[in-house]
Amino acid sequence: MLAREYTIGRLFVSRIPYDQDIAEYVRTFSEDNGISVGLFSEIGAVKKAVLGYYKQEAKEYSTLTIDEALEIVSCTGNISIRDGKPFLHAHIALSDDAGHTYAGHLMDGVQVFACEFTLQEIIGAPLTRESDAQTGLWLWKTF
Ligand code: ZN
């Protein structure tokens, strides 16, 4: 089987408070609300960003820290289980005051100025991540 079928659960619509770390907040929010599988999206603005870029040969992330106010053009991701807890995997695109864009893997340390998010719970079999030797990433367990 190449995919699993899930059903739609609860839909959460909320804000991430000022100064909060996006990834940390969404992990905690998911855990507090019993969400183990979900779809995440947000728009808003950040005070500081930390973006990741996965270096495939080295099998490690390099990070880019941007210590300035930026718009969140788009940020989408998913929730699944890693190490027994809800884990957010998201990518984010940001823009500066000249419209230049930065984008990458959402790392810990992205600090919110204002942020509106939706989190769609999906219901079904557990979706867990495991270490994948070929890529070095934590990927969804093979179905
Ligand atoms: Zn990623």
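The coordinates are above.
A brief structural summary. (Residues numbered from 1 in each chain as written. Predicted model: local features only at pLDDT ≥ 70, side-chain atom pairs only at ≥ 80, totals over all residues. Heavy atoms only, no water.)

### Some thoughts on the overall build of the protein
Helices and strands together make up the secondary structure of the protein, namely 1 helix and 9 strands. By the compact-globule yardstick of 15 Å for 143 residues, the protein fits well, its C-alpha radius of gyration being 15 Å. C-alpha atoms of the protein, sized along the principal axes, occupy 45 × 40 × 20 Å. Burial status across the protein gives 36% buried among its 143 residues. Positive and negative charge centroids in the protein, built from 12 and 20 side chains respectively, lie 7 Å apart. (Helix = DSSP H or I, 4+ residues; strand = E, 2+ residues; numbered from the N terminus. Rg over C-alpha atoms; globule rule 2.2 N^0.38 Å. Buried < 20%, exposed > 50% of the residue type's maximum accessible area, 1.4 Å probe, protein only. Lys, Arg positive; Asp, Glu negative; His and termini not counted. Charge placed at Lys NZ, Arg CZ, Asp CG, Glu CD.)

### Some thoughts on the pairing of strand S7 (residues 111–123)
The pairing of strand S1 (residues 7–16) with S7 spans 8 bridges and is antiparallel. Directly across from Ser14, in S7, lies its bridge partner Phe117. In terms of strand pairing, strand S2 (residues 38–55) meets S7 through 10 bridges, oriented antiparallel. Residue Gly38 lies in a different strand from S7, and its bridge partner there is Glu121. (Pairing = 2+ DSSP bridges.)

### Some details on the pairing of strand S3 (residues 60–66)
With 7 bridges connecting them, S2 and S3 associate as antiparallel partners. Across the sheet, the residue bridging to Tyr54 is Tyr61, located in S3. Turn length for the S2-S3 hairpin, with the two strands adjacent in sequence and antiparallel, is 4 residues, and the turn residue Lys59 shows positive phi of about 55 degrees.

### Observations regarding the pattern of salt bridges
The final tally for this structure, using the stated rule, is 5 salt bridges. Across the salt bridge formed by Asp83 and Arg82, the nearest N and O atoms sit 3.9 Å from each other. Judged by relative accessible area, which is 24%, Arg82 ranks as partly exposed. (Salt bridge = Lys/Arg side-chain N within 4 Å of Asp/Glu carboxyl O.)

### So, the coordination of the zinc ion
Here the zinc ion is held by His89 (NE2), His91 (NE2) and His105 (ND1), and the distances to it run 2.1 Å. Donor residues binding the zinc ion come from one chain and are separated in sequence as H-x1-H-x13-H. (Donors = N, O, S within 2.8 Å, 3.2 Å for Na, K, Ca; no water.)

### Looking at helix H1 (residues 22–32)
Given 3.6 residues to a turn, an α-helix orients residues that are three or four positions apart in the same direction. The complete set of buried residues in H1 reads Ile22, Ala23, Val26, Phe29 and Ser30. Along the axis of H1, the buried residues cluster in a sector spanning 130 degrees; they form a single face. Those residues of H1 that are buried are in contact with S1, S2, strand S4 (70–82), strand S5 (85–95), strand S6 (101–106) and S7. Of the residues trailing H1, Gly34 is marked for its positive phi of about 65 degrees. (Arc of directions from axis to C-beta. Contact = heavy atoms within 4.5 Å.)

### A word on the packing of aromatic side chains
One pass over the structure, following the stated rule, counts 7 aromatic pairs. Aromatic pair Phe29 and Phe117: ring centres 5.3 Å apart, planes at 85 degrees, arrangement edge-to-face. Pair noted here: Phe29 is in helix H1 and Phe117 is in strand S7, with a separation of 88 residues, a long-range link. Residues Phe29 and Phe117 agree in their burial class; the two are buried. Taken together, the aromatic side chains of Phe12, Tyr25, Phe29, Phe40 and Phe117 make up a single cluster linked through ring pairs. Directly above the aromatic system of Phe87 lies the positively charged group of Arg82, at a separation of 5.1 Å from the ring centroid. (Phe/Tyr/Trp six-rings, centres within 6.5 Å; stacked < 30°, edge-to-face > 60°. Lys NZ or Arg CZ within 6 Å of the ring centre and 35° of its normal.)

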